[in-house]
Amino acid sequence: MKYVRLIFFLVIIAYFMDIIDASIVTVALPSIRVEFGASIADSQWIYGSYAITLAGVLLLMGRAGDIYGQKKIFVAGLVIFTIASFTGGIAPSLLSLIISRSVQGIGAAMTTVTAFAIFIRIFPEGPERNKALGYIVAVLAGGFAAGAVVGGVLTTFLGWRWVMFINVPIGIIAAILCQRTLPAGGSWVQNRHLDIPGTLTVTSGIILLIFGLTNAAGIGFTSVSTFIPLIASVLVLGLFLLIESRSKSPLMPLSFVRRGSVLTANILALVLTSVVGGVGFIIPVYFQNILGYSAFNSGLLTLPPAIIFFVVGGFAASRLVNRYGAKKILLVSYGLVAIGALLLTPMSPNGNAFVLFPGLLVWALGASIGFPAINIAAVAGTKPGEEGLASGIVNTSSRIGFPVGLAILLTVAGAFDPPSSAAGIVAGFQVAVIAASLIGVLGFLIALRLKDVKPAWASGNWKPNKVAAQ
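In short, a report on the structure.

The rules behind the values
Residues numbered from 1 in each chain as written. Predicted model: local features only at pLDDT ≥ 70, side-chain atom pairs only at ≥ 80, totals over all residues. Heavy atoms only, no water. Helix = DSSP H or I, 4+ residues; strand = E, 2+ residues; numbered from the N terminus. Buried < 20%, exposed > 50% of the residue type's maximum accessible area, 1.4 Å probe, protein only. Contact = heavy atoms within 4.5 Å. Areas by Shrake-Rupley, 256 points an atom, 1.4 Å probe, with all protein chains shown as cover. Patch = residues over 30% accessible without salt bridge, like charges linked within 9 Å, V, L, I, M, F, W, Y side chains within 5 Å. Salt bridge = Lys/Arg side-chain N within 4 Å of Asp/Glu carboxyl O. Phe/Tyr/Trp six-rings, centres within 6.5 Å; stacked < 30°, edge-to-face > 60°. Lys NZ or Arg CZ within 6 Å of the ring centre and 35° of its normal. Polar contact = N/O pair within 3.5 Å; in protein donor to acceptor, adjacent residues only side chain to side chain. Axes fitted to C-alpha atoms, helices over the stretch in contact; angles between N-to-C directions. Parallel < 35°, antiparallel > 145°, perpendicular 65-115°, else oblique. Left-handed = near helix turned anticlockwise from the far one by under 90°. Nonpolar A, V, L, I, M, F, W, Y, C, P; charged D, E, K, R; others polar. Expected span 1.5 Å × (residues − 1).

Across its full length, the protein carries 17 helices and zero strands. Taken across its 470 residues, the protein has 58% of its residues classed as buried. The long-range fraction of contacts in the protein, counting pairs at least 24 apart against all pairs at least 6 apart in sequence, stands at 85%. For the protein, the accessible surface area stands at approximately 18,500 Å², while carbon and sulfur atoms represent 71% of it.

With that settled, consider the side chain of Glu244. In this structure, Glu244 sits in helix H9 (residues 224–246). Excluding its chain neighbours within four sequence positions, the residues that come into contact with Glu244 are Asp195, Gly198, Pro250, Leu251, Met252 and Leu254.

Turning next to a nonpolar patch on the surface. Taken together, the side chains of Leu342, Ile434, Leu438, Val441, Phe444, Leu445 and Leu448 define a hydrophobic patch exposed on the protein surface, amounting to about 590 Å² of accessible area. The element best represented in the nonpolar patch is helix H17 (residues 422–447), accounting for five residues. Its place among the elements puts Phe444 in helix H17. Looking at Phe444, the relative accessible area reads 31%, which means it is partly exposed.

In this section: the environment of Gly62. Mapped onto the fold, Gly62 is located in helix H2 (residues 40–68). Residues Gly62 and Leu389 lie 327 residues apart in sequence; the distance between their C-alpha atoms is 5.6 Å.

The subject of this paragraph is the environment of Ile210. By secondary structure assignment, the location of Ile210 is in helix H8 (residues 196–219). As a C-alpha pair, Ile210 and Ile400 span 190 residues in sequence and 6.8 Å in three-dimensional space. Leaving out residues up to four positions away in the same chain, Ile210 has contacts with Ala51, Ile52, Ala55, Ile400 and Pro403.

This paragraph deals with the pattern of salt bridges. The tally for this structure, following the rule as stated, stands at one salt bridge. A salt bridge links Glu35 to Arg161, with the nearest nitrogen and oxygen atoms 2.9 Å apart. Here Arg161 lies in the loop between helix H5 (127–157) and helix H6 (162–165) and Glu35 lies in helix H1 (residues 4–36), a separation of 126 residues in the sequence. Glu35 gets classed as partly exposed once you look at its relative accessible area, which sits at 44%.

Let's shift gears to the packing of aromatic side chains. All told, the structure shown has six aromatic pairs when counted by the stated rule. Seen from their ring centres, Phe86 and Phe165 are 6.0 Å apart, and the 45° between their planes marks the pair as tilted. In this pair, Phe86 sits in helix H3 (residues 70–89) while Phe165 sits in helix H6, placing the two residues 79 residues apart along the sequence. A connected cluster of aromatic rings, assembled from ring pairs, spans Phe86, Trp162 and Phe165. Directly above the ring of Tyr50 sits Arg101, whose terminal nitrogen or CZ lies 4.4 Å from the centroid.

Let us now look at the side chain of Lys71. Looking at the secondary structure, you find Lys71 in helix H3. Reaching out from Lys71, the side chain makes a polar contact with the backbone oxygen of Gln179 at a distance of 3.1 Å.

A word on the packing of helix H11 (residues 262–290) against H17. Direction vectors running N to C along H11 and H17 enclose 160°, while the axes themselves pass 10 Å from each other. Comparing the axis directions of H11 and H17 gives the class roughly antiparallel. Judged by the twist between their axes, the crossing of H11 over H17 is left-handed. Residue-level contacts link Thr264, Ile267, Leu268, Val271, Ser274, Val275, Val279, Ile282, Val285, Tyr286 and Ile290 of H11 to Ala422, Ile425, Val426, Phe429, Ala432, Ala436, Ile439, Gly440, Gly443, Ile446 and Ala447 of H17. Partitioned by chemical class, the residues of the contact of H11 with H17 number 18 nonpolar, four polar and no charged.

Turning next to the packing of helix H14 (residues 326–342) against helix H15 (residues 357–378). Relative to each other, H14 and H15 sit at 150°, their axes nearing to 7 Å. Relative to H15, H14 is oriented roughly antiparallel. Considering the relative orientation of H14 and H15, their crossing is left-handed. Only Gly359, Val362, Trp363, Leu365, Gly366, Ala367, Ile369, Gly370, Ala373, Ile374 and Ala377 of H15 make contact with H14, whose side of the interface consists of Ala326, Ile329, Leu330, Val332, Ser333, Tyr334, Leu336, Val337, Ile339, Gly340 and Ala341.

An ideal rise of 1.5 Å per residue puts 24 Å on 17 residues; H14 measures up with 24 Å between its terminal C-alpha atoms. Residues of H14 that are buried include every one of Ala326, Lys327, Ile329, Leu330, Leu331, Ser333, Tyr334, Val337, Ala338, Gly340 and Ala341, and no others.

Shown next, in the form of structure tokens:
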């Protein structure tokens, strides 16, 4: 295929924008909360609104790319994300910022899901795809680290609004490059009809689910504002599955989900991101709100785990999967994640961040080898015309995991020791990281059920799949 390197570079830009936005906004949250006089529960919507719309439309945008062309959805997503970043930067109130973040989430869903679909298509299944996926993980780790550090610098010296403005020049350049250089390419599938009933039910069901989980993170699972959306999401998503089982052109063919390792890999994606999302929220709050570190210093403290993601996840994980297979690597991954979370329990109100470094490093090591292995297993056996579908499902599973983990861990933290003081908050956090460790154990048990123990390319007779260039 022509321009493979350029296309791969543009794919990476899309992921980089999403990941740097996530980490940069997390670091800036305390400053945003102070300016708008928002509570911790209200400020969660700055990230929660983004997560809701992003997760809600991932599957829809992935399949839309298969039907109408990945380039159209990709470029439109870049434009929407860039405009929303600018309006977020000039937001005069918390509500207007949350609205901009919601629109950002739609743009991010359009870019990331089509970017991964394009990636699946240009790299055939096997060692080359795994190697390229490792590079993506390395760039994402670099983006996360850069976001944490840059977010701290911008928030400290220029103000939190610049964490939104920084996306604008990147988005403009990326949109121009993509419009000029990406091949036009039509749809990958012959059926150009989008499953409207399936689209409406899955999008509304996922949005209700993320909405309920976000409420749970702030006010607990017993609130009416939490369990009503959650119950409604179960009913709507159940209706979605019924529609898909009878549809002639389903948005998500159930036969695809049942194929090979797809279902198990997506469950594992949800579990791993729930641990990463929950712990990833608690640690910066502990550093800044309990230990009193600045946003800049808090960002610097995330560098060692990010370096592990960059080196191990980017360059070692794919080689390990090529040699040992996804199942063995995922078993090691969840084992390390569980141990690492458990090692975070020594936190105390008057403690030191460096006491947590052993746990953070082990936790990061486990997650860094787990993410590539999950994605490799989730897209294994993908056929032409299924790239957006596969990308949409695994990205949705991953995105749902973050609010799931956040809701569970914050609910556990609040239930075991009400946060009336710094000591109470820390005691709750200690119970929460133990819960995160147990979730890691659950992931280990699920990984035991993974079917593909050894990749097909481990044998000497394996030949790569042919990929149609467009």
